[in-house]
Amino acid sequence: LIPSLSQIIEIPATAGLNAGGMEAQRILKYALRLFVRAVATPSQPLVLFIDDLQWADSISLDIIESLVSDTEITSLLFLGSYRKNEVDCMHPLTGKLRSLENKQVNIIKIILGNLSEKDTNELISDLIQTPPHTTIPLSSAVHRKTSGNALFILQFLSSICDEGLINFSSESNQWKWDI
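Residues numbered from 1 in each chain as written. Predicted model: local features only at pLDDT ≥ 70, side-chain atom pairs only at ≥ 80, totals over all residues. Heavy atoms only, no water.

Caption draft 1: Here's a closer look at the overall build of the protein chain. The number of helices and strands found in the protein chain is seven helices and four strands. Helices (α) and strands (β) of the protein chain occur, in sequence order from the N terminus, as α-α-β-α-β-α-α-α-α-β-β. Considering the protein chain as a whole, with its 179 residues, one finds that 27% of them fall into the buried category. Here the analysis covers contacts within the protein chain between residues at least 6 apart in sequence; of these, 60% occur between residues at least 24 apart. Summing over all exposed atoms, the protein chain offers an accessible surface of approximately 12,300 Å²; the carbon and sulfur share of this is 56%. (Helix = DSSP H or I, 4+ residues; strand = E, 2+ residues; numbered from the N terminus. Buried < 20%, exposed > 50% of the residue type's maximum accessible area, 1.4 Å probe, protein only. Contact = heavy atoms within 4.5 Å. Areas by Shrake-Rupley, 256 points an atom, 1.4 Å probe, with all protein chains shown as cover.)

Caption draft 2: Local environment of the pairing of strand 4 (residues 174-177). One ladder, built from four bridges, connects strand 3 (residues 166-169) with strand 4; its direction is antiparallel. Paired with Asn-167 across the bridge in strand 4 is Lys-176. As consecutive antiparallel partners, strand 3 and strand 4 are separated by four residues, and within that stretch Asn-173 has a phi angle of approximately 60 degrees, a positive value. (Pairing = 2+ DSSP bridges.)

Caption draft 3: The arrangement of the environment of Tyr-82 in detail. As for its placement among the helices and strands, Tyr-82 is situated in the loop between strand 2 (76-80) and helix 4 (92-102). Discounting residues that sit within four places of it in the chain, Tyr-82 has contacts with Leu-53, Gln-54, Val-87, Leu-93 and Leu-97.

Caption draft 4: Up close: a nonpolar patch on the surface. Residues Val-47, Phe-49, Leu-77 and Leu-79 make up a contiguous nonpolar surface patch of roughly 380 Å² in combined accessible area. Contributing elements (two or more residues each) for the nonpolar patch: strand 1 (46-50) and strand 2. Within the secondary structure, Val-47 sits in strand 1. (Patch = residues over 30% accessible without salt bridge, like charges linked within 9 Å, V, L, I, M, F, W, Y side chains within 5 Å. Salt bridge = Lys/Arg side-chain N within 4 Å of Asp/Glu carboxyl O.)

Caption draft 5: Structural view of the packing of helix 5 (residues 117-127) against helix 7 (residues 150-162). Put simply, helix 5 and helix 7 touch, their axes get as near as 12 Å, and they point 45 degrees apart. In this view, helix 5 runs oblique relative to helix 7, as classed from their interaxial angle. Judged by the sense of rotation from one axis to the other, the crossing of helix 5 with helix 7 is right-handed. Every residue of helix 7 that contacts helix 5 at Thr-120, Leu-123, Ile-124 and Leu-127 is listed here: Ile-153, Leu-154 and Leu-157. Among the residues making up the contact of helix 5 with helix 7, the classes are represented as six nonpolar, one polar and no charged. (Axes fitted to C-alpha atoms, helices over the stretch in contact; angles between N-to-C directions. Parallel < 35°, antiparallel > 145°, perpendicular 65-115°, else oblique. Left-handed = near helix turned anticlockwise from the far one by under 90°. Nonpolar A, V, L, I, M, F, W, Y, C, P; charged D, E, K, R; others polar.)

Caption draft 6: Seen up close, the packing of helix 3 (residues 58-68) against helix 4. Two elements in contact, helix 3 and helix 4, have axes whose closest approach is 11 Å; the angle formed by their N-to-C orientations is 15 degrees. With respect to helix 4, the axis of helix 3 lies roughly parallel. Once helix 3 is placed against helix 4, the crossing between them reads as right-handed. Listed contacts from helix 4 to Leu-61, Asp-62, Glu-65 and Val-68 of helix 3 are Pro-92, Leu-93, Lys-96, Ser-99 and Leu-100. Its residues placed into classes, the contact of helix 3 with helix 4 shows five nonpolar, one polar and three charged.

Caption draft 7: A look at the pattern of salt bridges. Under the definition given, this model contains 10 salt bridges. Two residues, Lys-96 and Glu-65, come together in a salt bridge whose shortest N-O distance is 2.9 Å. Separated by 31 residues along the polypeptide, Lys-96 in helix 4 and Glu-65 in helix 3 bring together distant segments of the chain. Across the pair, exposure class does not vary: Lys-96 and Glu-65 are buried alike. Here Glu-122 makes a salt bridge to Lys-118, at a shortest N to O gap of 2.8 Å. One end of the pair is Glu-122 and the other is Lys-118, both in helix 5 and four residues apart, which spans about a single turn. Judged by relative accessible area, which is 58%, Lys-118 ranks as exposed. Because the salt bridges share partners, they merge into one network encompassing Arg-33, Arg-37, Asp-70 and Glu-72.

Keep in mind these values describe shape, not function.
Here is the structure:
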């Protein structure tokens, strides 16, 4: 995979690997487990975050399973996120999660919903550093447009900023909006 990696994971570097298919995947998973064992220590734990797992292919999910189910890897925190509405009972991710649970891997599921109108107001107030009572009209309009989806809120704010519908007035030293 990476010749100089052999110095870290203490396996001999080879000129080439004459393996294909399943054997190559097995070797890759083994090498990655050795690498994570070498770099993830109690004094320097490793956090691995992968977003949008609903789009991961089966080989990537196999690699993740290999890492998180390895009992010799004790200083790895794996965080994965996916869109629940895109993962049904037949999705490969669902099967992989079930497999990990069967292996007694500790999985903590946190389901995130949309922000309330109050939370949307707090977010916008923090973003533009303006007292919350003054941002209520703006945040109400933003919440109506985005239903409180945090990603959509940020995209919508960026869009109205680009369109000049929200801007900072240096004269009044405050944010102004027209939406």
